[in-house]
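# Commentary on secondary and tertiary structure
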Amino acid sequence: MPRKYNHYLLEKDNRCLYHMFAAEIFMHQFLLASAVRTMNPEEADWFYTPVYVTCDLTQQGFPLPFRAPRIMRSAIQYIAATWPYWNRTEGADHFFLAPHDFGACFHYQEERAIERGILPLLRRATLVQTFGQRNHVCMQEGSITIPPYANPQKMQAHLISPGTPRSIFAYFRGLFYDMGNDPEGGYYARGARASVWENFKDNPLFDMSSEHPSTYYEDMQRAIFCLCPLGWAPWSPRLVEAVVFGCIPVIIADDIVLPFADAIPWEQISVFVAEADVPRLDSILASVAPEDVLRKQRLLASPAMKQAVLFHQPARPGDAFDQVLNGLARKLPHREGAFLKPGQKVLDWNAGLDSDLKPW
């Protein structure tokens, strides 16, 4: 691929190496050196197109969703015009990283993401994305849900003694209200975070703040339960951090699809709380039997569990890169109808918003 689709975007703003969407960069680096890569396209089961759409950042360091569809369309136009492989399947044997809040719907607000829908040219491709929610416009059948990127070296540097008592009952650091986009708190996180704050801000069992202290990682290792509520999207890096630090994830995100369910027994290591039940969060957590807490903690202590949620550099056996490859392997052989008849067309290259059709 021409460097304008990946390396130049990274050179322009390397902050995207460090944010929670960085899996698209590290997946590219992993595959370049992977033993599963072939230089003979006729041998390939899958084709991967490295496009760093989350490296197009605002001044504040957030990915700009508005140009992402144009970048992706331009990349697909390039591979369709340069090689025959896209055209024989219209993307059915291609996979793309789409780590935006709502995947290939390319918007951080759910209402707008639903209006946009998945970029039409990607509707036959396999999307490898952090967003996962059942029965949602922005998650098409066959997608592979991955964890957000969290820096393994950074977390490793903050490990404390595993014998440290867990003296914090429930822990959370993060926004409760997005004052810039939703000052009332009813739309952001579907009101769940606002409800957590209003109901438990004065409860001594809950260690919560919108401040992010330097001891954040150490504090998670001293906590029994770590709250993982949805934000603009259902997922967040807290899921990864909780698993790595052995803190029982309290998942507050209705219909969430969690990453690598075949490798990570989320039902056994987590507590799931419906968004409508947030006002009862204290009694729900207090009712978890001590033996269940210990069982969940023992499972979370497994090195394989922690490995599966991390994108290590260099890669390690069983890590998140391996889990992505496992997910792709399970989708083989390709479904009936993946390979088109000569001259057959399925996708409409003119479909989509007018703003997305402009050249990039």
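Residues numbered from 1 in each chain as written. Predicted model: local features only at pLDDT ≥ 70, side-chain atom pairs only at ≥ 80, totals over all residues. Heavy atoms only, no water.

### Focus on the nonpolar core
- One finds Ile146, Phe225, Leu227, Val250, Val271, Leu281 and Leu285 to be the most contacted residues of the largest nonpolar core, which totals 85 residues.
- When residues of this core are assigned to domains, at least three map to each of domain 1 (3–149 + 313–356) and domain 2 (152–309).
- Non-local contacts of Val271, meaning those with residues more than four positions away in its chain, are made with Phe225, Ile248, Pro249, Val250, Ile251, Ile284, Leu285, Val288 and Lys296.
- Within the second largest apolar cluster, 31 residues are counted, among which are Val53, Ile71, Ala113 and Phe131. (Core = buried A, V, L, I, M, F, W, Y, C linked by side-chain atoms within 4.5 Å. Buried < 20%, exposed > 50% of the residue type's maximum accessible area, 1.4 Å probe, protein only. Domains from an automatic or database assignment. Contact = heavy atoms within 4.5 Å.)

### Thoughts on the side chain of Thr54
- Tracing the backbone through its elements, the reader meets Thr54 in the loop between strand S1 (47–48) and helix H3 (68–82).
- If sequence neighbours within four positions are ignored, Thr54 has contacts with Cys16, His19, Phe21, Glu24, Pro63, Pro99 and His100. (Helix = DSSP H or I, 4+ residues; strand = E, 2+ residues; numbered from the N terminus.)

### With respect to H3
- Spanning 15 residues, H3 covers 21 Å between terminal C-alpha atoms, matching the ideal 21 Å at 1.5 Å per step.
- Buried residues of H3: Ala68, Pro69, Ile71, Met72, Arg73, Ser74, Ala75, Ile76, Ile79 and Ala80, and no others.
- The elements touched by buried residues of H3 are helix H4 (85–89), strand S2 (94–97) and helix H5 (110–116). (Expected span 1.5 Å × (residues − 1).)

### Digging into the pattern of salt bridges
- Evaluation of the coordinates by the stated rule reveals 16 salt bridges.
- With a shortest N-O distance of 2.4 Å, Asp356 and Arg116 are connected by a salt bridge. Pair noted here: Asp356 is in the segment after helix H14 (320–330) and Arg116 is in helix H5, with a separation of 240 residues, a long-range link.
- Judged by its relative accessible area of 5%, Asp356 falls in the buried class.
- By relative accessible area, Arg116 is classed as buried at 18%.
- In this structure, a network of salt bridges that share partners links the residues Glu42, Arg88 and Asp93. (Salt bridge = Lys/Arg side-chain N within 4 Å of Asp/Glu carboxyl O.)

### Let's talk about the sheet that holds S2
- The four strands are arranged S1-S2-S3-S4 in an open sheet whose pairing can be described as parallel. Looking at which strands have only one partner, the edges of the open sheet turn out to be S1 and strand S4 (144–145).
- Both S2 and strand S3 (residues 126–129) contribute to a ladder of three bridges, which runs parallel. In the sheet register, Phe96 faces S3, and the bridge partner there is Leu127. (Pairing = 2+ DSSP bridges.)

### Side note on the environment of Pro148
- Here Pro148 lies in the loop between S4 and helix H6 (152–156).
- C-alpha of Pro148 to C-alpha of Leu310: the two residues are 162 residues apart in sequence and 8.7 Å apart in space.
- Once residues lying within four places of it in the same chain are set aside, the contact partners of Pro148 are Met20, Thr130, Trp235, Ser236, Pro237, Val240 and Phe311.

### Focus on H14
- Within H14 the residues assigned to the buried category are Ala320, Phe321, Gln323, Val324, Leu325, Gly327 and Leu328.
- Where the residues of H14 are buried, they touch helix H2 (23–32), S2, S3, S4 and helix H13 (303–308).
- Capping the start of H14 is the job of one residue whose side-chain oxygen sits 3.1 Å from the backbone nitrogen of Phe321: Asp319. (Polar contact = N/O pair within 3.5 Å; in protein donor to acceptor, adjacent residues only side chain to side chain.)

### Looking at the pairing of S3
- Because side chains alternate across S3, one face comprises the buried residues Thr126 and Val128, and the other comprises Leu127 and Gln129, equally buried.
- Taken together, S2, H5 and S3 form a β-α-β motif whose crossover is right-handed.
- In terms of strand pairing, S3 meets S4 through two bridges, oriented parallel. Its bridge partner lying in S4, Gln129 is registered against Thr145. (Right-handed = clockwise from strand over helix to strand, strands pointing away.)

### Looking at the sheet that holds strand S6 (residues 206–209)
- The five strands are arranged S6-S5-S7-S8-S9 in an open sheet whose pairing can be described as parallel. Since the sheet does not close on itself, it has two edges, and those belong to S6 and strand S9 (271–272), each with one partner.
- Across two bridges, the pairing between strand S8 (residues 248–252) and S9 is parallel. In the strand pairing of S9, Val250 is matched with Val271.
- Those strands touched by helix H7 (residues 192–200) are strand S5 (168–173), S6, strand S7 (223–229) and S8, and its axis lies near 125° from that of S6. (Axes fitted to C-alpha atoms, helices over the stretch in contact; angles between N-to-C directions.)

### Focus: the domain arrangement of the protein
- Looking at the protein, the domain boundaries give domain 1 (3–149 + 313–356) and domain 2 (152–309).
- For domain 1 versus domain 2, the separation of C-alpha centres amounts to 28 Å.
- Between domain 1 and domain 2, the residue contacts involve 30 residues of the former and 24 residues of the latter.
- Here domain 1 meets domain 2 over a buried area of about 2300 Å², counting both sides, of which 57% is carbon and sulfur.
- By the criterion of area lost to domain 2, the three top residues of domain 1 are Arg134, Pro148 and Gln323, representing 22% of everything that side buries.
- There are three salt bridges connecting domain 1 and domain 2.
- Here Arg190 and Glu110 are joined by a salt bridge, their closest N and O atoms 3.5 Å apart. (Buried area = accessible area lost by both parts, 1.4 Å probe.)

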